[in-house]
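Structural features, examined
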Amino acid sequence: MTEAFRPLGGKLFTRHFQFMGVLVLIAGYFLIRRFIFGIGDVSNLSDGFPWGLWITYDVVTGTAIACGGYAMALLVYVFNRGQFHPMIRAALLTSVFGYTLAGASIVVDVGRYWQLYNVFLPQYINLNSVMLEVALCVTLYTLVLWIEFSPAILEAMKANRLLRFLRHILFFFIGVGILLPTMHQSSLGSLLLIAGYKVHDLWQTTIIPLLFLITAITMGYGIVVFESLYASVHLGRKLETPLLSKISAIIPWLLIAYLVLRIGDLFLSGQIRAIAGPGPEPYLFLAEVALFVFAIVTLMDQYHRTRPTILFWSSLAVVLGGALYRFNAFMIAFDPGPGWHYFPAVGEMSITLGIVAFEIMAYLFFVKKTPILAAGH
Amino acid sequence: MKIDRRQFFKVMAAGGAVAVGASPVQARPCKTLPPDAIGILYDANLCIGCKACEVACKVANDMPMSGDGAIDQAYGVQDAWDGDDDLNGRTMNKIKAYVAEGSRTDLDDPDACFIKRSCMHCIDPDCVSACPVSALTKDPFTGIVSYNPDACIGCRYCQLACPFNIPKFQYDKTFPQIVKCQLCAPRIAEGEIPACCDACPTGASLFGRVEDLRAEGHRRLAMQPGERVEFPLNQLGGKTRAAEAQKYHPHLYGETESGGTQYLMVAGVPFEQLGMPPVGDESRARLSETLQHSLYKGMVAPGLLLGGLVYAAYQHTKEDREDQEDRQNRPEQEHGDD
Ligand code: SF4
Ligand code: SF4
Ligand code: SF4
């Protein structure tokens, strides 16, 4: 079975691409300000809300959305579903950029970025810190992702000898590349454990690492489906519906497991009482659950799974539900005490938008110039 | 292929067994008071809100005044009064006044009270546990929690972690730092006492060994309102002054909060009313570390898992490798595919 990936070709500087370019330029302006005048100049971050949109979106949500590569690798290499192999490069591509840009956005978000390498120095590392684990795993995984992705680049460069060598050691990196996200996606949730009462009762639980892991994998499958449909429509490719319907068949089961754990845990700990509490939090919680239930109901049905429109909306619901879960836990339902409020500033939002735009530009560039998408579709 | 998978699951199961069975999830013990633990006892009943401690703290730590407070603005002067109303990137110590809703701002009002906010120097500090680069460390002897800017990466996880919302960050600086009280460690090293205690005219900020401060705190809680008693000034075992005891709310704040703190407080009103957060008696660091370490104990479970994963990947990429060889041998075939 020779599956061949091929560059898509075509014009690169489309309208779409240029628009993204403008967003990147705007972000660039705010980035310059951030590095000259400090974080406070472009953001609404404060001592009560030390983490805002940058961490919540760029890192915590962004890397979960970038779990497509991880989720597909689990399927192909652990559960030996070789039939999904044609989709793995596209999934890896978004993972590579999701993680690389999450890493880049860390440099923007941390206050003392010029000392970031301290995370790797033995005299400084603190093995008790969840943050250390996240930092090390994410960095390492980004490297591994580039290695896993490099065959596509090497093929484009026709560097056959290197490619052949790589083929023989790649399995090791694939193994590492499955372990690392398993570790850090759960640790992203663990980050919140130490924040205690500041995290709303509906989100603060000791099983939060497990909940984050399950939703990350589910979002991974969701984004693979979503992106494939999106690429088909915008890049004029044939729909991969049969494969997509198989992938999306996994999603409801993961979501059911998640909801049983999440809601069961709330009942066991008695924290479910918070659902009757004041404020918008109970509604936000219900919105999360509703998005997931929608995806469960639609994707459970064999027939529905073959309808591209339904696949599109349910995969979007999965990604949005997972994103809302992360936004709620880290930002919206986060309450450091009276007197503190947070809503992202224009500068913060522009920088995040710019990062997303850059991601899309890079995606288009690679899809068109390197062999990412399976030929023969 | 079936057999491969079964073997793979065996490895996974072994990993799981090691993680769960051989090393049961065991909470690490609570941390206890360091041998030479020192701290501060703040008595809100003695505090007159003069803010001498605030000024002394700013001087001792070489911190700028805020310079844009209401009085400064009204009179067009600079640095006349420190106008910030909370701890921030230039303030490690803050006296706040609390008045019950609807009552007059009269200090004789039983519901009016001052409170001094600064780092609590927790016995099991969440900030120390959180910091990835050990920029926050707890001295093994004195228990002082100090900050090392050369290590700090500015991730602000310490801010998220601290139950008392203490570490502050210089959001307005190009090259910012974390700012928090370090119990005047440099002064202590020279045999002096913290600047705030040194400057306090009433003994409301009292320096001493934590064990003694706890005893002193309990002595105050037992006092009869109206009785004349001796209160130590500046530090335990030094000068004293006689004053009339006021009613105390029966709670030595910091004795158990968040696993205990070396900064203790007594006051006439409940501490929730003074804006102290609902921290509970357990340090969150203990929970967080226990969970993290039981997941990654000695890296045995991840190691085994990795073995299983690499093995699976090896088995399931066989075709890939052979495939590639094929293509190498028959390059024309590759193009023929197209
Ligand atoms: S009060 Fe906060 S900053 Fe101070 S030692 Fe405790 S956790 Fe750390
Ligand atoms: S901001 Fe600095 S001191 Fe605080 S946790 Fe991060 S590295 Fe540590
Ligand atoms: S101990 Fe020193 S640094 Fe801490 S509040 Fe008092 S004067 Fe300020």
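Above this text sits the structure in question.
Scope of this entry: the structure provided in the associated data block. Given the structure is predicted, the values throughout are model-derived calculations rather than measurements. (Residues numbered from 1 in each chain as written. Chains lettered and ligands numbered in written order. Predicted model: local features only at pLDDT ≥ 70, side-chain atom pairs only at ≥ 80, totals over all residues. Heavy atoms only, no water.)

1. Side note on the overall build of chain A
Worth spelling out the cut-off: Helix and strand definitions here come from DSSP, where helices need a minimum of 4 consecutive H or I residues and strands a minimum of 2 consecutive E residues; each element is numbered from the N-terminal end. Relative accessibility under 20% of the residue-type maximum defines a buried residue, over 50% an exposed one, and the middle range a partly exposed one, all with a 1.4 Å probe and only protein chains included. Two residues form a contact once any of their heavy atoms are found within 4.5 Å. In this description, accessible areas are obtained by the Shrake-Rupley approach with a 1.4 Å probe, and a residue is regarded as covered only by the protein chains that are shown. The convention is simple: Lys and Arg are positive, Asp and Glu are negative, and His and the chain ends are not counted. To locate a charge, take NZ of a lysine, CZ of an arginine, CG of an aspartate or CD of a glutamate.
Along chain A, the regular secondary structure elements total 13 helices and two strands. Taking the principal axes of its C-alpha atoms as reference, chain A extends roughly 60 × 50 × 45 Å. Split into buried and exposed, the 377 residues of chain A put 61% on the buried side. The long-range share in chain A, meaning contacts at least 24 apart out of those at least 6 apart in sequence, stands at 80%. Split by element, the accessible area of chain A, about 14,800 Å² in all, is 71% carbon and sulfur. Within chain A, one finds 23 positive and 18 negative side-chain charges whose respective centroids are separated by 14 Å.

2. Considerations on the site of ligand 3
Stated formally: Residues are labelled near a given molecule or strand when at least one of their non-hydrogen atoms is within 4 Å of it. Here the term charged refers only to Asp, Glu, Lys and Arg, the term nonpolar to Ala, Val, Leu, Ile, Met, Phe, Trp, Tyr, Cys and Pro, and the term polar to all other amino acids, Gly among them.
Neighbouring ligand 3 are B:Cys57, B:Asn61, B:Asn93, B:Cys181, B:Leu183, B:Cys184, B:Pro194, B:Ala195 and B:Cys196. Of the residues in the shell around ligand 3, the class split is seven nonpolar, two polar and no charged.

3. Things to note about the side chain of B:Asn93
All names here are of chain B. Definition in use: In protein, a polar contact requires one atom able to donate a hydrogen and another able to accept it; more generally it is a pair of N or O atoms within 3.5 Å, and residues adjacent in sequence count only if both atoms are side-chain atoms.
Considering the arrangement of structural elements, one finds Asn93 in the loop between helix H3 (70–75) and strand S2 (94–98). Accessibility expressed as a relative area gives 3% for Asn93, which makes it buried. At 3.3 Å, the side chain of Asn93 forms a polar contact with the backbone oxygen of Cys53. Apart from residues no more than four positions distant in its own chain, Asn93 is found in contact with Cys53, Glu54, Cys57, Leu87, Lys116, Arg117, Ser118 and Cys196.

4. Focus: the nonpolar core
A general trend in soluble globular proteins is that nonpolar side chains are found buried together. Test applied: What is meant by a nonpolar core is a set of buried Ala, Val, Leu, Ile, Met, Phe, Trp, Tyr and Cys residues, joined one to another through side-chain atoms within 4.5 Å.
Of all hydrophobic cores here, the largest spans 154 residues; its most connected members are A:Met72, A:Ile178, A:Leu191, A:Trp203, A:Tyr221, A:Ile247 and B:Tyr157. Counting residues per element, this core draws most heavily on helix H8 (residues 208–234) of chain A, which supplies 13 residues. Not counting the four nearest positions on each side in its chain, A:Leu191 is found in contact with A:Trp51, A:Val130, A:Met131, A:Val134, A:Phe330, B:Tyr157 and B:Leu160. In this structure, B:Leu183, B:Met223, B:Met265 and B:Leu274 belong to the second largest nonpolar core, which totals 53 residues.

5. Points about the interface of chain B and chain A
To be explicit about the condition: Note: buried area is the sum, over both parts, of the accessible area (probe 1.4 Å) each one loses when the two are combined. Any carboxyl oxygen of Asp or Glu within 4 Å of a side-chain nitrogen of Lys or Arg constitutes a salt bridge here.
Contacts between the two partners involve 72 residues from chain B and, on the opposite side, 73 residues from chain A. Of the roughly 6,400 Å² buried between chain B and chain A, counting both surfaces, carbon and sulfur atoms make up 57%. Counting across the interface, chain B meets chain A through one salt bridge. Here A:Asp109 and B:Arg156 are joined by a salt bridge, their closest N and O atoms 3.2 Å apart. For the pair chain B and chain A, the interface holds 34 residue pairs in polar contact (both at pLDDT 80 or more). Residue assignment for the side of chain B that touches chain A shows that the elements contributing at least two residues are helix H1 (2–22), helix H4 (126–130), helix H5 (157–161), strand S6 (168–169), helix H9 (284–296), helix H10 (300–316) and helix H11 (318–329) of chain B.

6. Brief notes about the sheet that holds strand S1 (residues 38–43) of chain B
The strands that make up a sheet pair up through hydrogen bonds in the backbone, lying either parallel or antiparallel. All names here are of chain B. Filter applied, for reference: DSSP bridges decide pairing: two strands pair if at least two such bridges lie between them. Between N-to-C directions, angles span 0 to 180 degrees; the directions come from axes that are lines fitted to C-alpha atoms, helices contributing only their stretch in contact.
An order of S8-S1-S11 is seen for the three strands of this open sheet, with the pairing classed as mixed. Each of the sheet's edge strands pairs with one partner strand only, and the pair in question is strand S8 (205–209) and strand S11 (263–266). Here the average twist between neighbouring strands, direction ignored, is 25°. Sheet topology note: the S1/S8 ladder contains five bridges and is antiparallel. Residue pairing for S8: Tyr42 is matched across the bridge by Ser205. Where helix H8 (residues 210–221) meets the sheet, its contacts fall on S1, S8 and S11, and the angle it forms with S8 comes to roughly 130°.

7. Details of unusual backbone geometry
When glycine is set aside, most residues are seen to have a negative phi, and most peptide bonds are trans. Unlike most non-glycine residues, A:Asn80 shows phi in positive territory, near 50°. Within the fold, A:Asn80 resides in the loop between helix H4 (68–78) and helix H5 (88–109).

8. Considering the packing of helix H3 (residues 53–65) of chain A against helix H12 (residues 308–332) of chain A
Residues and elements named next belong to chain A. Put simply, the rule reads: Crossing handedness is read from the near helix: turned anticlockwise from the far helix by less than a right angle, it gives a left-handed crossing, and turned clockwise, a right-handed one.
It is the contact of H3 with H12, at a shortest axis distance of 10 Å, that shows an interaxial angle of 145°. By crossing handedness, the relation of H3 to H12 is classed as right-handed. Judged by residue contacts, Leu53, Thr56, Tyr57, Val60, Thr61, Ala64 and Ile65 of H3 engage Val319, Ala323, Arg326, Phe327, Phe330 and Met331 from H12. Its residues assigned to classes, the contact of H3 with H12 comprises 10 nonpolar, two polar and one charged.

9. A closer look at the environment of A:Tyr29
Note on placement: A:Tyr29 falls in helix H1 (residues 15–37). As for A:Tyr29 and A:Ser350, which are separated by 321 residues in sequence, their C-alpha atoms are 9.3 Å apart.

10. Remarks on the packing of aromatic side chains
For clarity, the cut-off: Here a pair means two rings of Phe, Tyr or Trp (six-membered ring of Trp) with centres within 6.5 Å. Their orientation is stacked below 30 degrees between planes, edge-to-face above 60, and tilted elsewhere. A positively charged side chain is recorded as over a ring if its NZ (Lys) or CZ (Arg) lies within 6 Å of the ring centre. The angle to the ring normal must also be within 35 degrees.
In total, this model carries 29 aromatic pairs over all chains according to the counting rule given. Between A:Phe35 and A:Tyr113, the ring centres sit 5.0 Å apart and the planes meet at 90°, which makes this aromatic pair edge-to-face. Here A:Tyr113 lies in the loop between H5 and helix H6 (130–157) and A:Phe35 lies in helix H1, a separation of 78 residues in the sequence. In this structure A:Phe35 comes out as partly exposed when scored by relative accessible area, which is 28%. With a centroid separation of 5.2 Å and an interplanar angle of 85°, the aromatic rings of A:Trp114 and B:Phe175 are classed as edge-to-face. Taken together, the positions of A:Trp114 in the loop between H5 and H6 and B:Phe175 in the loop between S6 and strand S7 (178–179) put the pair across two chains. A cation over an aromatic ring shows up here: A:Arg34 above the ring of A:Phe35, its NZ or CZ 4.4 Å from the ring centre. Cation over ring: B:Arg156 sits above B:Phe169, and NZ or CZ is 5.1 Å from the ring centre.

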